[in-house]
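Residue strings, one per chain:
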Amino acid sequence: MFALPEKESRAPSTCPGPASTQDLDSNCGDGLERECSRKPDQKLPELYGVGDPTAGFSSNSSHLSSRGGIIKWFWDSAEAGYRTYHMDEYDEDKNPSGIINLGTSENKLCFDLLSKRLSQSDMLRVEPALLQYPDWRGHLFLREEVARFLSFYCKSPAPLQAENVVVLNGCASVFSALATVLCEVGEAFLIPAPYYGAITQHVCLYGNVRLVSVYLDSEVTGPDTRPFQLTVEKLEMALQGANSQGIKVKGLILINPQNPLGDIYSPAELQNFLEFAKRHELHVMVDEVYMLSVFEESVGYRSVLSLERLPDPQRTHVMWATSKDFGMSGLRFGTLYTENRDVATAVASLCRYHGLSGLVQHQMAQLLRDRDWINQVYLPENHARLKAAHTYVAGELRALGIPFLSRGAGFFIWADLRKYLPEGSFEEERRLWRRFLDHKVLVSFGKAFECKEPGWFRLVFSDKAHRLCLGMQRVRQVLEGKSQVAEDPPACQTQEPRDRHRNCALRSQDNPSLGEDLPVK
């Protein structure tokens, strides 16, 4: 992931008086203290930024069109750390000094459950219809199953309809298709920042659509506020700023639960954001790809499809996929739910480039209809494993005195490493990221998510115990200034069968001191 050149705008902000010095532990995290008042010489906050993905582009290929050059430039700019990882991946036996990946948001905890379910006989079916061209929206049997699945897990007040479902090969394709059919070239979507940075590519590569970042900051300004909180006021200011620069904004992107923050919008917040969009005739794309990965029982997650009334159903478009919630990022299944028939038809037309094979559609239908397995086997065990892994990483960060955000959802912790940046610059942030990579652990730095405060990093915890322990040991080595690259965690006990590492207790019942629930609001 990468940072984009952008135009930045600033405006005065008011502060409602000094807040009590709260830490993030009292606001769903751990150990970050904030005062509301600013010093006179501090810069005013940046309220929004209009992304220009191709501002720094230059092509050195005579074989590519300008469009092809831009597409290649995205790849070259975005994938450096990922390519380095793939050339030197950690392997317990073959490459113990290889790179541990704590940067890619994938759930690697439940392969045993998934492989067993996907290997059962009902998954293996071949018939003529599955080998022929399908309805580009997806086979009707799958769209009906998706509608039933979303009705149940999103808790919709009325059954959702298969005619409003379009099936694609992942949410990246959903973003790309929606950007292409909703926007003219050069138009924009609002998106709260920090955000999952690959969305920049998703909306730009085909549609040439821009993103207007609605900048959020970590400052806690009162007892009812939280770090990186989105408000309607911030959306209004960003929209006005973009309009003043001649940027036509066509929609708003919401990720719920949020990536990289793990934040969850309340029903009241969702309603307010949708009302804002309706006032300005904006489409709203709601990415709920982590909706079943809320592992803290006390967290009251609500899907936008659970609301009794959508303010503007024709401009509300919801996406979900199995990549995160079912740990199948390589299988490529995603779905769009929209009541707007024109949007659904236009997106379906693009599915001839982004469709799924008939065999995969059959497997997905069988998986989604197996409510007993999902509710009694998969979800309880997946949540338990996510919570145990999260508990371990949270304990390691506390031991290092590192503040962090934690909402009890998703696969990642948003960690505050600003104390390791003496000058507080993005150059220092990038150098710290490089030191992690040199010590064979891949993490994600804040600028890749368009965070405006240098020093925030995303750490993914949804991995097997021995890799997670070794990765955190290498993180500790970097932050403590040690040069040796760890190969085996010397004291790492796990629950994994036949694992030779035995001292990294990733289940709270094995280590009660790490098993305390983090406060969640």
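What counts and how
- Sequence positions are assigned chain by chain, starting from 1 and proceeding in written order.
- Where local features are concerned, this predicted model is filtered to residues with pLDDT of at least 70; where side-chain atom pairs are given and counted, the filter is 80 or more; whole-chain, interface and lining totals use all residues.
- Computation of side-chain values: all heavy atoms of the structure, hydrogens and water removed.
- Strands are runs of DSSP state E lasting at least two residues, helices are runs of H or I lasting at least four, and both sets are numbered from the N terminus onward.
- Each residue is assigned to one of three classes by its accessible area relative to the maximum for its type, calculated with a 1.4 Å probe on protein chains only: buried under 20%, partly exposed between the two thresholds, exposed over 50%.
- What makes two residues a contact is simply this: any of their non-hydrogen atoms within 4.5 Å.
- The Shrake-Rupley method, run with a 1.4 Å probe, gives the accessible areas here. Residue values count only the displayed protein chains as cover.
- Take the buried residues of types Ala, Val, Leu, Ile, Met, Phe, Trp, Tyr and Cys, join any two whose side-chain atoms come within 4.5 Å, and each joined set is a nonpolar core.
- Patches in this entry comprise residues that are over 30% relatively accessible and not in a salt bridge; like charges within 9 Å are linked, as are nonpolar side chains (Val, Leu, Ile, Met, Phe, Trp, Tyr) within 5 Å.
- Should a side-chain nitrogen of Lys or Arg be within 4 Å of a carboxyl oxygen of Asp or Glu, the pair is scored as a salt bridge.
- Classification of ring pairs uses Phe, Tyr and Trp, with its six-membered ring standing for Trp, and accepts pairs whose centres are within 6.5 Å; under 30 degrees between planes counts as stacked, over 60 as edge-to-face, and the remaining range as tilted.
- DSSP-based pairing: two strands are paired if at least 2 bridges between them are found.
- Here a polar contact means two N or O atoms within 3.5 Å. Within protein one must be a hydrogen donor candidate and the other an acceptor candidate, and residues neighboring in sequence count only if both atoms are side-chain atoms.

The name recorded for the protein chain in an unreviewed UniProt entry is 1-aminocyclopropane-1-carboxylate synthase homolog (inactive), from Equus caballus.

J.: Hey, could you run me through the overall build of the protein chain in this one?
T.: Summing up its helical and strand segments, the protein chain has 14 helices and 16 strands in all. Across the 521 residues that make up the protein chain, the buried fraction comes to 58%. For the protein chain, long-range pairs separated by at least 24 residues make up 74% of all intrachain contacts whose partners lie at least 6 apart in sequence. Accessible surface, the protein chain: about 21900 Å² in total, of which carbon and sulfur atoms supply 49%.

J.: Is there a simple way to explain the nonpolar core in this structure?
T.: Residues Phe-149, Leu-190, Phe-326 and Phe-436 are the most contacted members of the largest nonpolar core, which totals 150 residues. Considering every element that reaches this core, the biggest residue donor is helix H12 (residues 371-399), with 10 residues.

J.: When you look at the side chain of Ser-462 in this model, what are you seeing that I'm missing?
T.: Here Ser-462 is to be found in the loop between strand E16 (456-460) and helix H14 (465-479). Assessed through its relative accessible area of 1%, Ser-462 is described here as buried.

J.: I would appreciate a short explanation of a nonpolar patch on the surface in the present structure.
T.: A contiguous nonpolar surface patch, about 300 Å² in accessible area, is contributed by Val-126, Leu-131 and Leu-359. Inspection of the secondary structure assignment puts Val-126 in the loop between helix H3 (111-118) and helix H4 (140-153). Its relative accessible area of 62% is what places Val-126 among the exposed residues.

J.: Looking at this model, I keep getting lost on the packing of aromatic side chains. Mind explaining?
T.: Each aromatic ring pair is characterised by the separation of its centres together with the angle its planes make. Applying the stated criterion across every chain, the model contains 20 aromatic pairs. An angle of 35° between the planes, with centres 6.2 Å apart, marks the rings of Tyr-82 and Tyr-85 as tilted. Of the two residues, Tyr-82 and Tyr-85 are both situated in helix H2 (residues 80-87); the distance of three residues between them amounts to about one turn of the helix. Its relative accessible area of 32% is what places Tyr-82 among the partly exposed residues. By relative accessible area, which is 9% here, Tyr-85 ends up buried.

J.: Looking at this model, I keep getting lost on the pairing of strand E5 (residues 165-168). Mind explaining?
T.: In regular strands, side chains alternate between the two faces of the sheet. The alternating pattern of E5 places Val-165 and Val-167 and Val-166 and Leu-168 on opposite faces, both of which are buried. Across four bridges, the pairing between E5 and strand E11 (residues 334-338) is antiparallel. Note that in E11 the partner of Val-166 across the bridge is Leu-336.

J.: How should I be thinking about the pattern of salt bridges in this particular structure?
T.: Pairing between side chains of opposite charge can happen when their charged atoms approach one another. Counting across every chain of the model gives 26 salt bridges. Residue Arg-226 is joined to Asp-263 by a salt bridge in which the shortest nitrogen-to-oxygen separation is 3.0 Å. With a gap of 37 residues between them, Arg-226 in the loop between strand E7 (210-215) and helix H7 (232-244) and Asp-263 in the loop between strand E8 (249-255) and helix H8 (267-279) connect regions that are remote in the sequence. Grouping residues by exposure puts Arg-226 and Asp-263 together as buried. Bridged by salt links that share partners, the residues Arg-226, Asp-263, Glu-269 and Arg-407 form one connected network.

J.: I tried to follow the environment of Leu-150 on my own but got confused; where do I start?
T.: Assignment of secondary structure puts Leu-150 in helix H4. C-alpha of Leu-150 to C-alpha of Leu-160: the two residues are 10 residues apart in sequence and 7.3 Å apart in space.

J.: Help me understand the side chain of Asn-101 in this model?
T.: As for its position among the elements, Asn-101 is in strand E4 (residues 100-101). Residue class for Asn-101 comes out buried when judged on its relative accessible area of 5%. For Asn-101, the side chain forms a polar contact with the main-chain nitrogen of Gly-103, separated by 2.8 Å. A polar atom in the side chain of Asn-101 sits 2.9 Å from the side chain of Thr-104. Beyond its immediate chain neighbours, meaning those up to four positions away, Asn-101 contacts Tyr-82, Tyr-85, Lys-108, Leu-442 and Asp-463.

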